[in-house]
Amino acid sequence: MRATPPGPKGVPVIGNTQRFARDPFSFLSSCRDAYGDVARLSLGGDPAYMLTNPADIERVLVSEERKFRKPMLNDDIRDLLGNGLLLSEGDFWRRERRRTQPAFDMRRIAGLAGMMTDHTEAMLGDWADGEAVTVDTEMARLTVKIIVEAMFGVGFDDATVERMQANLEPLGRHFEPDVLRTLVPDWVPTEENREYHAAIETLEDILEGVLAERRGTERDLPADDGIGGTDGVGGIDANGNQPMDLLSILLRARNDDGDEDVDDALVRDELMTMLLAGHDTTALTLTYTWYLLARNPAIEAELHAELDEVLGGRVPTTADVRDLTYTERVLQEAMRLYPPVHMLFREALTGVRLGGYRVPKGSLLVLPQWAVHRDPRYYDDPLEFDPDRFASDRTAERPNYAYFPFGGGPRHCIGKRFSMLEATLILGTVAQKYRLELAADEPIDLRGSLTMHPTEPIEAIVRER
Ligand code: HEM
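Being a predicted model, the structure only gives us computed values, none of them experimental.

What counts, and where the lines are drawn
Residues numbered from 1 in each chain as written. Predicted model: local features only at pLDDT ≥ 70, side-chain atom pairs only at ≥ 80, totals over all residues. Pairing = 2+ DSSP bridges. Helix = DSSP H or I, 4+ residues; strand = E, 2+ residues; numbered from the N terminus. Expected span 1.5 Å × (residues − 1). Buried ≥ 20, exposed ≤ 12 C-beta atoms within 10 Å, placed from the backbone. Core = buried A, V, L, I, M, F, W, Y, C linked by C-beta atoms within 7 Å. Contact = placed C-beta atoms within 7 Å. Axes fitted to C-alpha atoms, helices over the stretch in contact; angles between N-to-C directions. Domains from an automatic or database assignment. Left-handed = near helix turned anticlockwise from the far one by under 90°. Nonpolar A, V, L, I, M, F, W, Y, C, P; charged D, E, K, R; others polar. Parallel < 35°, antiparallel > 145°, perpendicular 65-115°, else oblique.

A. Here's a closer look at the sheet that holds strand β7 (residues 344–348). Judged by pairing direction, the sheet is mixed, and its 5 strands sit side by side in the order β1-β2-β10-β7-β3 without closing on themselves. Lying at the two open borders of the sheet, with one neighbouring strand each, are β1 (38–43) and β3 (68–69). One ladder, built from 2 bridges, connects β3 with β7; its direction is antiparallel. The residue bridging Phe 68 from the neighbouring strand is Ala 348, located in β7.

Okay, structure coming up:
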C-alpha cells in the first residue's frame with residue numbers, strides 16, 4: 001500500500017489555503033485532474049484528503065459510515081446551528097432524526113403543494129412583462145416563505161423576509177474560505193466577527209417571534225412584528241388533528257409528553273437549522289436552473305413543451321409531478337453543474353484505507369460534489385447542460401455517488417423530497433407563464449461558503465411567454 005497520496009505543494013503554515021480561498025472551484029477541479037481519486041491537500045494548516053472516486057465516497061457516506069463523523073471545522077458554526085440536526089452526532093442525532101422525520105413524511109409533504117404554488121402565484125402577481133427582477137433574491141424570498149409555513153406553521157411578511165435576508169449575507173461571508181481566518185483566532189473581535197454575531201442575534205430574534213406567535217404567549221412585540229399565524233398547513237387546526245409541522249412536533253414533545261430534552265436551546269437550534277438548510281439550497285437550485293435555461297433555448301423549449309402538454313395552463317399539483325419528468329431532469333442537471341452544497345466534510349474516527357492509501361485517524365476528508373459532478377470520467381462533455389443525462393438508461397451507466405447533491409447514507413438530506421417537490425412546482429408554475437432573460441451575457445462567477453452562491457446578483461428581465 002502506498003503511504004501518502006499525491007497533492008499540490010503548499011506554502012508554510014497555510015498550505016494550500018490561499019489557492020483554495022482564491023478560487024475553490026478551479027482548485028478542486030485541478031486537484032482532481034492532476035492527482036486522481038485521492039489527493040492530499042493542506043487546508044488551514046491541516047492535511048485533508050479529497051476523494052473523487054464514487055466508490056470511495058459511497059464507503060464514507062454509506063457502507064462504512066460508522067468510521068466517520070462530521071468534523072467540527074470551526075466553532076463558529078456551532079454558534080449558528082447549535083445541536084440541530086445538521087451538526088448533532090450519535091444517539092442524540094438518531095433520536096432527533098426519528099423525532100423530526102414525520103414532518104418530512106411524503107403524505108404530509110404532498111399536502112403542502114397548494115401552499116407552495118399559492119406563494120409562487122403571489123410572487124408572480126408582482127411580476128410583469130418587461131420588468132427587471134433579481135433572480136436569486138426572488139427565489140430566496142419565495143423559499144423562505146414556504147419553509148416557515150411548512151416547518152413552523154407561521155407566515156412571514158416581506159419586511160421580515162428582507163430583514164432575514166439582509167442578515168444571511170454576513171453569515172455567508174463568515175464561512176467563505178479565508179487565509180486571514182486561518183491565522184487569526186476566532187475570539188479576536190474583528191469587524192467581521194462582530195457582524196457575524198449580530199446577524200445571529202437578529203435571526204434569533206426572528207425565531208423568538210415565531211415561538212411567541214405559536215405559543216400565543218404575551219411578549220413585548222412591536223404592534224406588527226411581521227410574523228403571523230396561518231390557517232392550515234402548520235397551525236393548530238380546528239378539527240383537533242395533530243399538525244405535523246416541525247415546530248408542532250417539538251412543542252408537543254415538550255409540553256404534552258414532558259420530554260425534558262426538548263429544551264429552549266434545542267428548539268432554537270432545530271428551527272435555525274431548518275430555516276437555513278431549508279431555503280437557501282432550494283433557492284440556489286432554482287436560481288441556477290433559470291440561469292441555465294436562459295442560456296440554453298433548445299432545452300427551455302423542451303421544458304415549455306412538457307409543461308404545456310401536462311398542465312395546459314393549470315397550476316401544477318402533486319399528482320402532476322409524476323408526469324413532469326423533463327422538468328425534474330432539468331432540476332437534476334442544474335444541481336449536477338451547480339450543486340448548492342458543493343463539498344461535504346467528514347473526519348476519520350479510525351485509520352482507513354482509501355484508494356490504496358493509508359488515511360490516518362483524525363484526518364479530514366473532503367467529498368467535493370463540484371469536482372465529481374464535472375468529472376469527464378463519469379460525464380461526457382461535462383460542462384454541457386444536458387438534462388437527458390438523467391434519463392433512466394443513462395443514469396444506470398454511471399456509478400452510484402457520481403451524483404450526490406443531497407449527500408448519502410444515514411445523514412442524507414432529510415429535506416430532499418420536500419425540496420424536489422417544491423422546486424418542480426415552482427419551476428412549473430413560473431415557466432408556464434414567463435421566461436427569464438438574463439440581463440448580462442457573461443457566465444456567472446461563484447463564491448463558496450457553506451453553500452455555493454453566485455458572486456453577483458443575477459439580474460433578469462421577465463418575458464411573458
Ligand atoms: C436542493 C435543496 C437541497 C440540497 C441540495 C440539500 C443538500 C444537503 C446535503 C448535501 C446534506 C448532507 C450534509 C452532510 O452529509 O454533511 C443535507 C443535509 C440536511 N438537509 Fe438538505 N438540502 C436541500 C434541501 C433541504 C431542505 C428543503 C431542508 C429542510 C426542510 C433540508 C434540511 C437538511 C437537514 C436538516 C440536513 C441534516 C440531516 C441529518 O444530518 O440528519 N435540506 N442537505
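Back to the write-up after that little detour.
B. Main features of helix α8 (residues 135–152). If you check α8, its first and last C-alpha atoms are 25 Å apart, about what 18 residues at 1.5 Å a residue would give, namely 26 Å. Within α8, 17 of the 18 residues are buried, which leaves the element mostly enclosed by the surrounding structure. Directly beyond the C-terminal end of α8, a positive phi value near 70° is found at Gly 153.

C. The arrangement of the nonpolar core in detail. Among the nonpolar cores identified, the biggest contains 76 residues, and Met 151 and Leu 271 are the most heavily contacted of them. Sorting elements by how many residues they give to this core places α8 first, with 11 residues. With residues up to four places along the chain from it excluded, the contact list for Met 151 reads Ala 103, Asp 245, Leu 246, Leu 247, Met 274 and Gly 278. Core analysis: the second largest hydrophobic core is formed by 30 residues, Val 60, Leu 61, Ala 402 and Tyr 403 among them.

D. Spotlight on the sheet that holds strand β14 (residues 459–464). Spatial strand order, β4-β14-β11: 3 strands in an open sheet with antiparallel pairing. Two strands bound the open sheet, and with one partner strand each, they are β4 (132–134) and β11 (434–438). Each strand of the sheet is rotated relative to its neighbour by a mean of 40°, with strand direction disregarded. Summarising the sheet, β4 and β14 pair through 3 bridges and their orientation is antiparallel.

E. Region of interest: the pairing of β14. Here β11 pairs with β14 via 5 bridges, running antiparallel. Bridge pairing in β14 links Glu 437 to Ile 461.

F. Unusual backbone geometry, seen in detail. Residue Asp 381 is not a glycine yet carries a positive backbone phi of 40°. Relative to the assigned elements, Asp 381 resides in the loop between α18 (369–373) and α19 (392–395). Classification of Asp 381 by C-beta neighbours within 10 Å gives exposed; the count is 9. Backbone geometry at Tyr 401 places phi at a positive 70°, although glycine is not the residue there. Within the element layout of this structure, Tyr 401 appears in the loop between α19 and α20 (416–433). For Tyr 401, a count of 24 C-beta atoms within 10 Å corresponds to the buried category.

G. Here's a closer look at helix α17 (residues 325–337). Under the 1.5 Å per step criterion, the end-to-end length of α17 is 19 Å for 13 residues, consistent within 8% with the ideal 18 Å. Looking only at α17, the buried set comprises Tyr 326, Thr 327, Arg 329, Val 330, Leu 331, Glu 333, Ala 334, Met 335 and Arg 336. Along its buried surface, α17 packs onto α14 (280–295), α15 (297–311), α18 and α20.

H. Inspection of the domain arrangement of the chain at higher detail. Per the domain assignment, the segments making up the chain are domain 1 (1–81 + 342–401) and domain 2 (82–341 + 405–464). Using C-alpha coordinates to define each centre, domain 1 is positioned 26 Å away from domain 2. With 34 residues of domain 1 in contact, the opposing surface of domain 2 contributes 37 residues. If you list the elements that add at least two residues to the side of domain 1 that touches domain 2, you get α1 (17–22), α2 (24–35), α3 (54–63), α4 (75–81) and α18. Looking at the side of domain 1 that touches domain 2, the element that brings in the most residues is α4, giving 7 residues.

I. Structural view of the environment of Asn 296. Note that Asn 296 resides in the loop between α14 and α15. Residue classification places Asn 296 among the partly exposed positions, given that 18 C-beta atoms sit within 10 Å. Taking the C-alpha atoms as reference, Asn 296 lies 7.7 Å from Phe 385; in sequence the two are 89 residues apart.

J. Highlighting the packing of helix α9 (residues 158–174) against helix α11 (residues 191–215). The geometry of α9 relative to α11 is characterised by a closest axis approach of 9 Å and an angle of 145° between their N-to-C directions. Regarding α9 and α11, the two cross each other, and that crossing is left-handed. In this structure, α9 contributes Thr 160, Arg 163, Met 164, Asn 167, Pro 170, Leu 171, Arg 173 and His 174 to the contact, and α11 contributes Glu 192, Glu 195, Tyr 196, Ala 199, Thr 202, Leu 203 and Ile 206. Looking at the contact of α9 with α11 residue by residue, the class counts come to 7 nonpolar, 4 polar and 4 charged.

K. Looking closely at the packing of α11 against helix α13 (residues 264–277). One can describe the packing of α11 onto α13 by two numbers: an axis separation of 10 Å at closest approach and a directional angle of 110°. Comparing their axes, α13 and α11 come out roughly perpendicular. Contact residues: Leu 203, Glu 204, Leu 207 and Val 210 in α11; Arg 268, Leu 271 and Met 272 in α13.

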